[in-house]
Structures are given as C-alpha cells and as structure tokens.
Amino acid sequence: MRTSQYLLSTLKETPSSAEVISHQLMLRAGLVRNLASGLYTWLPTGLRVLKKVENIVREEMHRAGANEILMPMVQPADLWEESGRWDDYGPELLRLNDRHKRPFVLGPTHEEVITKLVANELSSYKQLPLSLFQIQSKFRDEIRPRFGVMRGREFLMKDAYSFHLEQDCLEKTYQTMFYAYCRIFDRLGLNYRPVLADTGSIGGDASHEFHVLADSGEDDIAFSDASDFAANVEKAEALAPVEERAEPSQKLAEITTPNVKNIDDVADFLNLDVKTIIKTLLVCGIENDQGDIPIVALVLRGDHQLNEVKVENLPQISSPLTFATDEQILSAVNCNAGFIGPVGLTIEVIVDRSAAQLSNFVCGANKNETHLTGVNWQRDCSENEIADLRNVVEGDPSPCGQGNIVIKRGIEVGHIFQLGTKYAEAMKCAVLNEGGKNQTLTMGCYGIGVSRIVAAAIEQNHDKYGIKWPEAIAPFQVAIVPMNMAKSARVKETAEALYKQLIQAGIEVLFDDRKERPGVMFADHELMGTPLLLIIGERNLDAQQIELKNRITGEKSLLAIDEIMSLFK
RNA sequence: CGGUGAUUAGCGCAGCUUGGUAGCGCACUUGGUUUGGGUCCAAGGGGUCGCAAGUUCGAAUCUUGCAUCACCGACCA
C-alpha cells in the first residue's frame, strides 16, 4: 500500500474526549473515529488490526474443532420471551419494532438464536458434541460507554457455543477451549492471565475469564504471590482467619457519638483502628409467601468492602442486591444508617468471617448518636450465620492455600463458561439418546472481545511516540520510508524496487511515498506502530545499504539491499 | 439515573466577566524555501459560535428551555 492511496488520518493533537491511552492513540494513529457515544467507525489501519485479531481467533477456533457460522444481529423478541431474558435483561437490551410493529432486539449475545438453531438441526446423540462459533457485532446499550472501543456499545465479539449430552463431555470441550484461548492470547503476544470467575447471571458451574493485565483495566484480579492461582476479586474467596477469636476482656459499654456517621468518623472519634469496628449494612432479602420483603443485616469489619456477587449468591438475599431504603432501615432497626449494630437485632444477621473473629469490638447501638464498645459475639449477641461476604484485600492468605493475595488490574478480553441446561431447557433443545429417549443438551459458551483486544493490546504496548504493535497484529509488517525521494532518483528507484519485491513476496508493506519531510514520516510511522522501518537515503546508498529500524527495540542497523528480503523468510 | 463540566473552523483552544460585524495554534490550499526527526517565509480557503425561544437598536457574550458529549458515582456481561 502506498500512503498516497491510503487514508492515513493521523492527528498531532489528542482529542479531548479520550481518557485512556489506547483510546487516545487509536484516534491519533487513525484507527477509529467516533460516530456517537459508544459507536466507532474503523478506519483502514484499525480494520487491518481488527481483522488480524479476528483471523487468529478464527484459526484457533477451527483448530479447537468449532464450525464457523454467522447469525443475524437483529433477533425476534419471541426468542427472548422463550428464554425469559426479555424480562430479565435490563435496558442494556436494545428493543425495536419493525414496520409491522413486531418486536425485535439488537443482539447483545446469541444464546437464544444458537440454541434454537441447534434444537432444529440436531436430532440424535450421534451428532454430538458440536461446537459452533461466529464473529459478529453485538450491541449492548451500556449505561456508560467509555474508553473508546474498550467499552463501546457496538463491538465485535467471537462467541462460541458447544452442545453435549453429558457433563463430562462438556468439561472436555471446556478444557479444549481453555487451551485454545491460551493459544490465541499467546499468539496475539499479550500478557494475559486466565482467572477464576463468577458465573454471574448466566448461571452454570465453571467459569474462567481471560484478562490482559493493564493498570487501566476495569476489573480487580486477585493473584497468589506463591502459586499460579488467579481469580476475579468478585470470586476470590476470603478465608476465615485461622487465629481463634480472643476471649472477651472488655465490658459492654454504650457511648454517645454525635455526628459520627461512618466508620472513619467512629475510628477518629474513639481513636481506634477501623479494624476493631464493624459495620452493619441492611439489604433486601427474598420476598416471602406473604409478599413481604424481609430486611437482612450484613456485618463486616470496618476496613473491608462488601462483595456484592458473593452476597447475591446467598440464598436468603435478593439478586440483584438491593440496599434497604432509609424508611426500611428505620422500621427494621429503629435508627438511622450509621448507628446499626448486631446487638439486639430481631432481623436475620449474616456475619462475615473476619468480622466474626473479632472480639471487644465497636458497633452501632441501634440508637441514633450511639455506639457500643467492648462488644463480643455470643456474650452480647447471639452466634449468627457466618459467611464470606467481603472482597479479598492485598495480604489476605490466598484461597489456594499457598502465599498471599496480590491485586492487579485486568481488562477482560475473554470469558468461558459451562452454561449447563438453562437455555437448552428453555428452547427445548434436545436429541434422542442411545436409549431412544429425549435428552436435553448441556451447553458451554465461550466469548472473546475482538475489538476490545485491539484496545487492550495498545494499553499494554505503547510508548511516548505511539503504539508498539505485537508483530502478529501490526497493521503493516514493514514501512518503506524514503528520504527526500522527490529529489533523489536513486532513492526513488531503490524504494520502488524494494516495494515491488515486498509486495510480490506477500509482505504487508506501507510505502511512504508522500512528499513529506523525514520527521513527519518517522513520527507517523512510530505513532502507527509499524514494527519495522526500512529507511532509504542517499547517505547509505553509496554502500548499497538501507537502514532498518525496529520500532519495538529501537535498534537500528544497516543492511545490504539484497539482504532485505531475507528478513521476511 | 444522580452529581460535575463542556459544546466557538477538521483537531486543540481563546473571546463571554463589562453585548457593538469572530480570533490563535495545528491541519488544509497556492507559491517559494528546506530535506536523516513534526523546517521557514508569504498569500489564501474554511464558522448559522450545539439547537430553540426570550431580553436588546444590536447576542458567541445576558436569561430560560432542550440536545449532545465527557468525567465521577450508581448500574452492568
């Protein structure tokens, strides 16, 4: 490709709307342009990268035995009614009507369509297991699209689905997909980790997320410093403290705490460590037969954070998690938020493992402007249900039993999980088994955020000059940068000849044939992140040499012209 | 959805307080100059100042409403 025929569209200045570095560089290097909130046009350079990522994903899916298909982006609403997600899926699901006023959705994912398809196409266990995938645009009407294509509303995703008669077969394919994902991210040249994940609203048993490690990531990942354990903080178990609870040594006392509203205030007021204070949060339980919603108290150590996913997974708590309103709090405990404590509560109380290990602690007295000190479990309030309610923090013992937790940020680029029979049951996806009986299939589901990978790769590979593409996904393998070609026939001839050779050899080459100063060319190619530059100038032509510059290492070397082609063998 | 801020040329911004025919830098066009790291000089083109209404002789500027975009939070595959 010659730059004179190419839409280069680089920008010297950073558009003000771009927050993270990948978004800034994608705009500056001319990869994408914003159309509306969360919607992007892919320019030639960006599309080249996107296609490369897509192809690596496709190749590895084929290697894993999956068949490529393509499903429509627009899906009839009745499929979603059938699966129950028409009601369950929130406003993220974009709903629309056609000219006959029939309802449709813009697909945020394709479980319904594929399950329906397989239900219609398969009839015998002999056709199983079967894996299908597509690479298709999805639309999710995100509340807050941000970070460019990292969290866009329309984005490119590879989604694969596997169908099985039995769980052990599903597990085998799950393993195959796990390794396929590792191969994909290895080939992409990214620093990534598979991490244990919560199965979330989709349900199912086992789940791993694949995260690209980057400070700008939106997820917290808990690692062990002594093993290869890694889990999303949502999922990482906070183990019960091993030390025995200390015996009560203080008397229970009531103190007046005016204008003390949160844990930090209490700690300041009493000059105590927040770790000796507990906080009590009131949330909504599951609606009972009378249609009442019970309020449940959750007790945590002052320095710990509530883990909403863990709480939602408790049988007595409503999902999604809903905090009690001020009115509900007042009627349940007869005081305001900020002064609630477990002593004397009549509602159900669930205590976090770490909070349960405390003795002689401070808590709210269920009376405004009042706290209790010297509180002890059993002696002052009944022994309650104990559960893991909190996020792990750095330094916690790792749930794998080895080492301690370290927390890093990650960008979720892949997610695999064992779906089970949820959709197969809803969509009546079954085949005849060996015994001639109808048997509902069990499913696996495997997603990769293709467009998000492009952003994640930049987050991980850039410097002050621009993008440093991993070789496998660079838009061009090499650029020819002639110095002052307009004035030097020799430079022009050499550049043209080299360009022709590279094209013939099937190399993806960008020939900078603009009449630009060298600095402009260098700056553009460094911004675009082309891994290799071939710099042709009068200076080295006397010796029949061309300068080779490596974008990643910064190394420069001189090569004889006839050696150039051997670089690409 | 709540809070905050923004909206003036393709991009980055000034002008608004104190109303009087819209400016700077980059980019773009033309000519010259320069040519191994974003040259320099000169001359140009490009704007319903987000939209609508109001105040006024006169509105980018003051008032009101709306829209869009972004950030923080809530929410969420």
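Structure shown above.
Residues numbered from 1 in each chain as written. Chains lettered and ligands numbered in written order. Predicted model: local features only at pLDDT ≥ 70, side-chain atom pairs only at ≥ 80, totals over all residues. Heavy atoms only, no water.

A. Seen up close, the sheet that holds strand β5 (residues 95-97). Pairing is antiparallel across the open sheet formed by 3 strands, whose spatial order is β4-β6-β5. The outermost strands of the open sheet, each flanked by one partner alone, are β4 (74-76) and β5. For this sheet, the mean angle separating the axes of adjacent strands, direction not counted, is 40 degrees. (Pairing = 2+ DSSP bridges. Helix = DSSP H or I, 4+ residues; strand = E, 2+ residues; numbered from the N terminus. Axes fitted to C-alpha atoms, helices over the stretch in contact; angles between N-to-C directions.)

B. Broad picture of the protein's contact with RNA strand B. Around RNA strand B, the structure places 36 residues, and the nearest of them are Glu 412, Arg 517, Glu 526, Arg 539 and Glu 547. The sugar and phosphate moieties of RNA strand B supply 48% of its atoms located within 4 Å of the protein. The separation between a phosphate oxygen of RNA strand B and a polar main-chain atom of Ser 16 is 2.9 Å. Between RNA strand B and Asn 540, the relevant distance is 2.9 Å, taken from a base oxygen to a side-chain nitrogen or oxygen of the residue. Secondary structure elements with two or more residues in the surface near RNA strand B: β20 (405-420), α14 (518-528), α15 (538-541) and β29 (545-550). Among the elements that line the surface near RNA strand B, the one with the most residues is α14, at 7 residues. Here the surface near RNA strand B is built from residues that sort into 10 nonpolar, 9 polar and 17 charged. (Near = heavy atom within 4 Å. Polar contact = N/O pair within 3.5 Å; in protein donor to acceptor, adjacent residues only side chain to side chain. Nonpolar A, V, L, I, M, F, W, Y, C, P; charged D, E, K, R; others polar.)

C. Structural view of the sheet that holds strand β15 (residues 295-301). The 4 strands lie next to each other as β14-β15-β16-β19, forming an open sheet whose pairing is mixed. Looking at strand neighbours, the two that pair on one side only are β14 (278-284) and β19 (385-387), the edges of this open sheet. Here the strands of the sheet are splayed against their neighbours by 30 degrees on average, with no regard to which way each runs. The pairing of β15 with strand β16 (residues 348-352) spans 4 bridges and is parallel. Bridge assignment links Ala 297 to a residue of β16, and that residue is Val 349.

D. Just the packing of helix α2 (residues 44-63) against helix α6 (residues 167-188), in detail. Look at α2 against α6: their axes get within 9 Å of each other, and the N-to-C directions meet at 150 degrees. In this view, α2 runs roughly antiparallel relative to α6, as classed from their interaxial angle. The way α2 lies across α6 gives a crossing that is right-handed. Contacts from Val 53, Ile 56, Val 57, Glu 59, Glu 60, Met 61 and Arg 63 of α2 reach α6 at Met 177, Ala 180, Tyr 181, Arg 183, Ile 184, Arg 187 and Leu 188. Looking at the contact of α2 with α6, its residues break down into 9 nonpolar, no polar and 5 charged. (Parallel < 35°, antiparallel > 145°, perpendicular 65-115°, else oblique. Left-handed = near helix turned anticlockwise from the far one by under 90°. Contact = heavy atoms within 4.5 Å.)

E. Just the packing of α2 against helix α12 (residues 450-460), in detail. Packing of α2 against α12 brings their axes to within 9 Å, and their N-to-C directions diverge by 115 degrees. The orientation of α2 relative to α12 falls into the category roughly perpendicular. You can see that α2 and α12 cross each other, and the crossing is right-handed. Taken together, the residues of α12 that come into contact with α2 (itself represented by Val 49, Leu 50, Val 53 and Glu 54) are Val 450, Ser 451, Ile 453 and Val 454. For the contact of α2 with α12, the per-class residue count stands at 6 nonpolar, 1 polar and 1 charged.

F. Examining the side chain of Thr 109 more closely. Relative to the helices and strands, Thr 109 is located in the loop between β6 (103-106) and α5 (111-121). The exposure class assigned to Thr 109 is buried, which follows from its relative accessible area of 7%. A distance of 2.5 Å separates a polar atom in the side chain of Thr 109 from a polar atom in the side chain of Glu 111. (Buried < 20%, exposed > 50% of the residue type's maximum accessible area, 1.4 Å probe, protein only.)

G. Representation of the pattern of salt bridges within the structure. In total, this model carries 34 salt bridges according to the counting rule given. Across the salt bridge formed by Glu 54 and Lys 51, the nearest N and O atoms sit 4.0 Å from each other. Of the two residues, Glu 54 and Lys 51 both sit in helix α2, 3 residues apart, roughly one turn of that helix. Overall, Lys 51 belongs to the partly exposed group, its relative accessible area being 41%. Here Arg 63 makes a salt bridge to Glu 60, at a shortest N to O gap of 2.9 Å. You can see Arg 63 and its partner Glu 60 sitting in helix α2, 3 residues apart, about one turn around the helix. The structure contains a network of salt bridges with shared partners spanning Glu 59, Glu 60, Arg 63, Arg 183 and Arg 187. (Salt bridge = Lys/Arg side-chain N within 4 Å of Asp/Glu carboxyl O.)

H. Main features of the nonpolar core. Ranked by internal contacts, the top residues of the largest apolar core, which has 67 residues, are Leu 31, Met 61, Phe 185, Leu 188 and Trp 469. No other element matches α6, which puts 10 residues into this core. Contact partners of Met 61, with chain neighbours within four places excluded, come to Ala 66, Phe 133, Lys 158, Ala 160, Met 177, Ala 180, Tyr 181 and Ile 184. Core analysis: the second largest hydrophobic core is formed by 28 residues, Met 71, Leu 93, Val 113 and Ala 119 among them. (Core = buried A, V, L, I, M, F, W, Y, C linked by side-chain atoms within 4.5 Å.)

I. Spatial organisation of the pairing of strand β7 (residues 130-139). Counting buried positions along β7 gives 9 out of 10 residues, so the element sits mostly inside the fold. Both strand β3 (residues 67-68) and β7 contribute to a ladder of 2 bridges, which runs parallel. What sits directly across from Asn 67, in β7, is Leu 132.

J. Quick look at the packing of aromatic side chains. For the structure shown, the criterion picks out 11 aromatic pairs. Aromatic pair Phe 185 and Tyr 192: ring centres 5.4 Å apart, planes at 40 degrees, arrangement tilted. In terms of burial, Phe 185 and Tyr 192 fall into one category: buried. Their ring planes at 40 degrees and their centres at 5.1 Å tell us that Tyr 499 and Phe 511 sit as a pair that is tilted. Pair noted here: Tyr 499 is in helix α13 (residues 489-504) and Phe 511 is in strand β27 (residues 509-511), with a separation of 12 residues, a long-range link. Each of the two residues, Tyr 499 as well as Phe 511, counts as buried. Taken together, the aromatic side chains of Phe 178, Tyr 179, Tyr 181, Phe 185, Tyr 192 and Phe 210 make up a single cluster linked through ring pairs. For the cation-ring pair, Lys 408 lies above Phe 223, with the distance from its terminal atom to the ring centre recorded as 5.3 Å. (Phe/Tyr/Trp six-rings, centres within 6.5 Å; stacked < 30°, edge-to-face > 60°. Lys NZ or Arg CZ within 6 Å of the ring centre and 35° of its normal.)

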